[in-house]
Protein chains: 2
Amino acid sequence: MSHVSSIFAALSDPCRLEIIETLMREGETPAGEICERFDISGPAVSRHLSVLHTAGLVNRKVAGKHRLYSVRPEAIRQVSDWTMDHREFWEASMNRIEAALREDAR
Amino acid sequence: MSHVSSIFAALSDPCRLEIIETLMREGETPAGEICERFDISGPAVSRHLSVLHTAGLVNRKVAGKHRLYSVRPEAIRQVSDWTMDHREFWEASMNRIEAALREDAR
DNA sequence: CCTTCATTTAACGAATCTGCTAAATGTTGT
DNA sequence: ACAACATTTAGCAGATTCGTTAAATGAAGG
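Our subject in this report is the structure included herewith. Note that the structure is a prediction, hence the values are computed from the model and not measured.

### What to know about the relation of the copies chain B and chain A
Note: a rotation about an axis with an accompanying shift along it relates these two copies of the chain.
Logical step 1: Rotating chain B by 180 degrees and translating it 0.0 Å along the rotation axis places it on chain A, where the RMSD comes to 0.0 Å. Overall, the copies show the geometry of a two-fold rotation axis. Residue Phe8(B), judged by its C-alpha, is the member of chain B lying nearest the rotation axis, at 2.5 Å.
Logical step 2: Most of the interface of chain B is mirrored in chain A: 100% of its interface residues are interface residues there too.

In structure tokens, the structure reads:
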């Protein structure tokens with residue numbers, strides 16, 4: 001699996017995406033606090049965290065009985081890099097569409 | 001499923017990601033030509049194209065016996081937008097990491 | 001019409017994902 | 001050592017995914 005596609009896979013679950021967004025907003029957070037935010041069981045959240053960790057999206061830090069999770073910025077950057085690699089395509093195309101819209105509006 | 005997570009889901013398969021990258025590079029392409037590039041069967045590629053279409057990542061245009069596929073730039077832009085929404089997080093964090101590296105190097 | 005070409009749909013099996021509950025692990029405080 | 005707490009692992013059911021081959025669809029040309 002190409003590396004960026006495995007990052008996409010990790011983000012493809014709505015629950016995992018929300019976990020990542022929460023961690024980016026609030027920084028390092030213990031597993032238990034993440035659990036509280038979701039209606040699913042603790043083990044289910046734990047599994048999601050483990051998927052994210054395996055995919056290299058989060059760091060896990062052991063602190064007493066807690067595990068602190070945080071997003072690895074490089075991972076998000078890889079997504080950004082992927083879009084930037086193709087920026088010429090979508091930016092140019094978007095401009096063409098906008099131009100066509102302006103043309104239509106006249 | 002939040003919209004961006006369904007885009008991530010569509011891109012989470014290596015074969016689909018490669019299809020999208022090919023289409024971005026080469027523009028509108030008939031299904032048959034896409035098939036030739038992959039070792040999997042025609043029906044398998046057709047299914048991937050249909051997944052991409054359902055997720056809003058590609059346009060399908062009927063041209064005689066051919067179906068021409070092309071990437072919808074807005075879809076890629078949504079990925080870009082998502083990274084940009086969190087840019088402050090990963091950019092700041094990357095800088096912090098870089099600063100730490102520079103600190104270590106001294 | 002009938003055939004051929006391009007592509008999709010159907011039907012199926014193997015593998016993977018996601019959730020659950022119950023049990024295990026490891027840590028802290030008594 | 002023991003009890004309480006935080007989290008993960010095990011084991012299982014149901015849904016989904018991805019590939020295959022065979023059959024269906026639909027346009028183009030003789």
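### Here we look at the interface of chain B and chain A
By a frequent convention, interface size equals the accessible area lost on bringing the separate parts together.
Logical step 1: Across the boundary between the two partners, chain B contributes 28 residues, which contact 28 residues of chain A.
Logical step 2: Counting each side, the surface lost to burial between chain B and chain A is near 2,800 Å², with a carbon and sulfur contribution of 82%.
Logical step 3: The largest contributions to the chain B side of the interface with chain A come from Trp82(B), Phe89(B) and Trp90(B), which together make up 20% of the buried area.
Logical step 4: At the boundary of chain B and chain A, one finds two residue pairs in polar contact (both at pLDDT 80 or more).
Logical step 5: Breaking the side of chain B that touches chain A down by element, the ones donating at least two residues are helix H1 (3-11), helix H2 (14-26), helix H5 (73-85) and helix H6 (87-105) of chain B.
Logical step 6: Here the side of chain B that touches chain A is built from residues that sort into 18 nonpolar, seven polar and three charged.

### Examining the protein's contact with DNA strand C
Logical step 1: Around DNA strand C sit 20 residues, and of these Ser41(A), His48(A), Gly32(B), Ser46(B) and Tyr69(B) come closest.
Logical step 2: Expressed as a percentage, the sugar and phosphate content of the atoms of DNA strand C within 4 Å of the protein is 76%.
Logical step 3: A distance of 2.5 Å separates a phosphate oxygen of DNA strand C from a polar atom in the side chain of Ser41(A).
Logical step 4: Per-element tally for the surface near DNA strand C: the top contributor is helix H4 (residues 42-54) of chain A, with four residues.
Logical step 5: Of the residues in the surface near DNA strand C, the class split is seven nonpolar, six polar and seven charged.

### A closer look at the packing of helix H1 (residues 3-11) of chain A against H1(B)
Logical step 1: Remark: H1(A) packs on H1(B), axes separated minimally by 8 Å, with the N-to-C direction vectors making an angle of 140 degrees. Classified by the interaxial angle, the pair formed by H1(A) and H1(B) is oblique. For H1(A) against H1(B), the interelement crossing comes out left-handed. On the side of H1(A), the interface is formed by Ser5(A), Phe8(A) and Leu11(A), while H1(B) contributes Ser5(B), Phe8(B) and Leu11(B).

### Topic: the sheet that holds strand E2 (residues 58-63) of chain A
The strands making up a sheet associate through backbone hydrogen bonding, with each pair oriented either parallel or antiparallel.
Residue and element names in this part refer to chain A.
Logical step 1: Spatially, three strands are ordered E1-E3-E2 in an open sheet, and the strand pairing comes out antiparallel. With partners counted over all chains shown, the strands left at the sheet margins are strand E1 (29-30) and E2, one partner each.
Logical step 2: Relative to strand E3 (residues 66-71), E2 is paired through six bridges, and the arrangement is antiparallel. Looking at E3, one finds that Lys61 is bridged to Leu68.

### With respect to the pattern of salt bridges
Logical step 1: Enumeration according to the criterion identifies 12 salt bridges over all chains in this entry.
Logical step 2: Salt bridges here are not isolated pairs; linked through shared partners, they connect Arg25(A), Glu26(A) and Arg37(A).

Conventions adopted
Residues numbered from 1 in each chain as written. Chains lettered and ligands numbered in written order. Predicted model: local features only at pLDDT ≥ 70, side-chain atom pairs only at ≥ 80, totals over all residues. Heavy atoms only, no water. Least-squares fit on C-alpha atoms with pLDDT ≥ 70 in both. Contact = heavy atoms within 4.5 Å. Buried area = accessible area lost by both parts, 1.4 Å probe. Polar contact = N/O pair within 3.5 Å; in protein donor to acceptor, adjacent residues only side chain to side chain. Helix = DSSP H or I, 4+ residues; strand = E, 2+ residues; numbered from the N terminus. Nonpolar A, V, L, I, M, F, W, Y, C, P; charged D, E, K, R; others polar. Near = heavy atom within 4 Å. Axes fitted to C-alpha atoms, helices over the stretch in contact; angles between N-to-C directions. Parallel < 35°, antiparallel > 145°, perpendicular 65-115°, else oblique. Left-handed = near helix turned anticlockwise from the far one by under 90°. Pairing = 2+ DSSP bridges. Salt bridge = Lys/Arg side-chain N within 4 Å of Asp/Glu carboxyl O.

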